[in-house]
Amino acid sequence: MRKPRIEGLRPSRLSATVLAAAVGIGSAVLLMLRLFVPRPVGVADNYDGVRLMCHLGVDVRLPKNTPRLRDYVYYRYDHLAHFTCHKHMLGSIRLPDVPYQSSQVLVLYAGRLLTRALRLPGYLDLRAVGVVCCLLIGLAIGLLYRVLTVRHRYRLLLCAAVLGVVADTVFIDYAVSPFSEIASIIGLLYVLVGVLLLAGPSRRRRLAGIAVTGVSGLFLATAKTQNVPAMLPLALVLLAPAVPVPVARLRKLDLRLRHRLTGLVAVVVLAAGAFAVSGNEDKRTAQLTEANFVTVTLLPTTAHPGGDLAAFAAPSWLAKYSGAPPWCAPTKLQDSAAYQRFTKGLSHKRILGYFVDHPTRLLPVLDRAAAYFYVPRPTATLCHAGPNGTQVMVLPHLANYTNNGHTKRGVLDTRWAPVTGALGLLRGSGMGTLFLLWLLPAAAVSATRRRRALLGSGAVLGLLLAVAATQFGASAFADGIDTAKHLDLAVFATALAWVFAAVEVLVAVAERRRRSADGAGMPQPVPAEAGQPAL
C-alpha cells in the first residue's frame, strides 16, 4: 500500500504550508507576549555590549547618579557623532580596541529599520530588535513544522517543545540585549530545518537543505568566536548528502566526489566566514583571554599552583590571584617585565601542550567548566577586595528588568525557566552528569534505528550533540570569564537534543503499537486440511 504524503497527515483540508504559517505566526506572537507582557524583559549590559553596538554608532548615555549598567536593562540607544568602533569612551572602563564581528549586526540593522517604522524613541530600540528576533524564530519553527515527516500531532508536539525551550529566560531574554547569543539560537534553529531537508528523498529537497544549512550555518558560526568549532560538524553534514551536479565536464571525476561538490562549495564559504570572524581578535586581547584561562580556570583545580605557573613561565605572585583574572592585580604587577613575558609566551598551542604533558589535569578543568553549565544565567566579572590586600572575582547576575517604578536592582526573570530550573537541580554534579545528558538522548535514538520514525532525527541529534560538545570545549578552554554566558549555545543544543530524542522515541513507540494493532486485526490464513494443497 502506498504511503500517504505529508499533506495527507494533516487534520484538515488546509495545506501543510498554511498550517506551517499558522504555527510560525503563533510561535512568534507567543514569544512576543513572553518578552513584553506584562513588562519588557531582556539582559543587562556588562560593559561589553559597546563592542557590538558600536557598529551602528550608538551607545547608552545614562544621566548622572543612575544605577550601574548591569543592574537594569536599558533598551534605548542614541546615535553619537564621531562614535565608531575605534573611537569610543565608556566612562572609565578601558575597552579592547577591536570590536566584535558578529552576524548579530544584521539583526541590529533590521531592528534599526523597525525602530523607525514604529517611531520608537532613540536611534535604536532593543525592543524592536526583540520583535525581529521573535519573527525570525517563529519562521524557523514554522519551517520546522513544514519539513517534518510525521503525523500532525507529533509535529505540533515537537514545535511546542522547541518553543518552550526557546522561551526559557536564558535564551529568549537575549533578544532584548546588546549581546549576540540570540544570533546563535536563531542560526541553530534554521540549521535544524536544513538538516531535515537534507534527509529528504528528493534531489530538490536535498539541494534546498544544502542552501538552508549553508546560509544558516554561516550565520551560526559567525555569531560568536566560541561558535567557530561548530563548523566541523556542520561541514560533515553538508558533505554527507549525494546531490548530483549535472556538469558535463565533471563526468570523468569520481561519482561520489561529484555528488558532494555542491556541499563542498557550501563548506568552503562557511569556513571562510568562520575564520574571518575568529581571526579578528587582536593579539593583546587573545593574550588576556589565555591568561584568564590560566588564573581563573586552571590554577583553582590544583593544591599546588606553583607547578602550573612554572610550566607557563608565569610570575609567582599570580598564585595569590588563583580563581580571579590577572587584571584584578595592581597595575604595577601587570606592567612588570615578568608578567609581560608570561602573556607574550601564551598561545592555544602552548596550553594544548600543557595538557598533553599533564593529562590528569584535564578532568578537573572540565568539571570546573561544567559547574557553569548547570547555572547558565549570564554574569558580570568583577574584582572585589579579598584577604591580605588581594582581590577576588565576584560574578553578579545580569538583571532582566528595566528601571521602571520601584524595581529593585538586579531582579531576575523567573516567569518561565524550565531548562534553567532543571539544570539547577544538577548543580555541583560535574562532568560525569553532563556526559550522561549527552549520551542518554543518543542512546534513546539509537534504540529506534530499525524503525526510524522521524526522518533525519539521527543526523539532527548527532549535529546537536556535536555542537554542544564543541562549543562547551571552546568556552571551557578559550576564556576563563563570562563562562556561563559563553555556554549558552551548548545548553540550548543539549535541551533541543532531549526534545528531538523524546519525540523520536514517542513516535516510534506509537507507530509500533499501531502496526501491532493492525496486524492483530487482519484475518489469519486458514490452515490447509490434510491431503489438500495450501492456498
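Relevant structure appears above.
Below, the structure is looked at part by part. (Residues numbered from 1 in each chain as written. Predicted model: local features only at pLDDT ≥ 70, side-chain atom pairs only at ≥ 80, totals over all residues. Heavy atoms only, no water.)

1. So, a nonpolar patch on the surface
And step 1. Nonpolar side chains collect at one region of the surface, where Ile 25, Val 29, Leu 30, Leu 33 and Val 37 lie side by side and expose about 450 Å² of accessible area between them.
And step 2. By the secondary structure assignment, Ile 25 is in helix 1 (residues 16-36).
And step 3. For Ile 25, a relative accessible area of 57% translates into the label exposed. (Patch = residues over 30% accessible without salt bridge, like charges linked within 9 Å, V, L, I, M, F, W, Y side chains within 5 Å. Areas by Shrake-Rupley, 256 points an atom, 1.4 Å probe, with all protein chains shown as cover. Salt bridge = Lys/Arg side-chain N within 4 Å of Asp/Glu carboxyl O. Helix = DSSP H or I, 4+ residues; strand = E, 2+ residues; numbered from the N terminus. Buried < 20%, exposed > 50% of the residue type's maximum accessible area, 1.4 Å probe, protein only.)

2. A short note on helix 3 (residues 104-118)
And step 1. When the terminal C-alpha atoms of helix 3 are compared, their 21 Å separation across 15 residues agrees well with the 21 Å that a helix rising 1.5 Å per residue should span.
And step 2. Turning to helix 3, its buried residues are Gln 104, Val 105, Val 107, Leu 108, Gly 111, Arg 112 and Thr 115. The arc enclosing the buried residues of helix 3, seen along the axis, measures out at 150 degrees, which places them on a common side. Residues of helix 3 that are exposed and angled more than 90 degrees away from the buried face: Leu 106, Leu 113, Arg 116 and Ala 117.
And step 3. Its buried side turned inward, helix 3 meets helix 2 (50-53), strand 3 (124-125), helix 4 (126-147), helix 7 (181-198) and helix 8 (203-221).
And step 4. Looking one or two residues past helix 3, Arg 119 carries a phi angle of roughly 55 degrees, positive in sign. (Expected span 1.5 Å × (residues − 1). Arc of directions from axis to C-beta. Contact = heavy atoms within 4.5 Å.)

3. Considerations on the state of the cysteines
And step 1. The full count for this structure, using the stated rule, is one disulfide.
And step 2. The disulfide partner of Cys 328 is Cys 383, and the gap between their sulfur atoms is 1.8 Å. A torsion of -80 degrees about the S-S bond marks the disulfide between Cys 328 and Cys 383 as left-handed. Pair noted here: Cys 328 is in the loop between helix 13 (305-311) and helix 14 (331-334) and Cys 383 is in strand 4 (residues 382-385), with a separation of 55 residues, a long-range link.
And step 3. The class of Cys 328 is buried, set by a relative accessible area of 4%.
And step 4. Not engaged in a disulfide, the cysteine Cys 133 finds its nearest cysteine sulfur in Cys 134; these two sulfurs lie 7.0 Å apart. (Disulfide = S-S within 2.5 Å.)

4. Quick word on the packing of aromatic side chains
And step 1. One pass over the structure, following the stated rule, counts 14 aromatic pairs.
And step 2. Each ring, one from Tyr 339 and one from Phe 342, has its centre 5.9 Å from the other, and the planes form 50 degrees; the classification is tilted. Of this pair, Tyr 339 and Phe 342 are both found in helix 15 (residues 337-344), three residues apart, which corresponds to roughly one turn of the helix. We note that Tyr 339, like Phe 342, is buried.
And step 3. With a centroid separation of 5.4 Å and 85 degrees between ring planes, the pair formed by Phe 355 and Phe 477 is classed as edge-to-face. Of the two residues, Phe 355 sits in helix 16 (residues 348-357) while Phe 477 sits in helix 20 (residues 457-478), which places them 122 residues apart along the sequence.
And step 4. Classification of Phe 477 by relative accessible area gives partly exposed; the value is 22%.
And step 5. Lys 485 extends its terminal NZ or CZ atom over the ring of Phe 179, reaching a point 4.6 Å from the ring centre. (Phe/Tyr/Trp six-rings, centres within 6.5 Å; stacked < 30°, edge-to-face > 60°. Lys NZ or Arg CZ within 6 Å of the ring centre and 35° of its normal.)

5. Considerations on the sheet that holds strand 3
And step 1. Pairing within the open sheet is antiparallel, and its three strands lie in the order 1-2-3. In this open sheet, the two edge strands, each paired with only one partner strand, are strand 1 (58-59) and strand 3.
And step 2. Relative to strand 3, strand 2 (residues 76-79) is paired through two bridges, and the arrangement is antiparallel. Looking at strand 3, one finds that Tyr 77 is bridged to Leu 124. (Pairing = 2+ DSSP bridges.)

6. Details of the pairing of strand 2
And step 1. The sheet contact formed by strand 1 and strand 2 spans two bridges and is antiparallel. Bridge pairing links Asp 59 to Asp 78 in strand 2.

7. Let's talk about the nonpolar core
One recurring pattern in soluble globular proteins: nonpolar side chains tend to sit buried together.
And step 1. Judged by nonpolar contacts, the single largest core of 147 residues is most densely connected at Val 162, Phe 373 and Phe 472.
And step 2. For this core, the element with the highest residue contribution is helix 7, accounting for 14 residues.
And step 3. The residues touching Phe 373, leaving out its near neighbours within four places in the chain, are Leu 423, Leu 434, Leu 437, Phe 472, Leu 487, Ala 490, Val 491 and Thr 494.
And step 4. Counting residues in hydrophobic clusters, the runner-up holds five residues, among them Val 50, Leu 80, Phe 83 and Cys 85. (Core = buried A, V, L, I, M, F, W, Y, C linked by side-chain atoms within 4.5 Å.)

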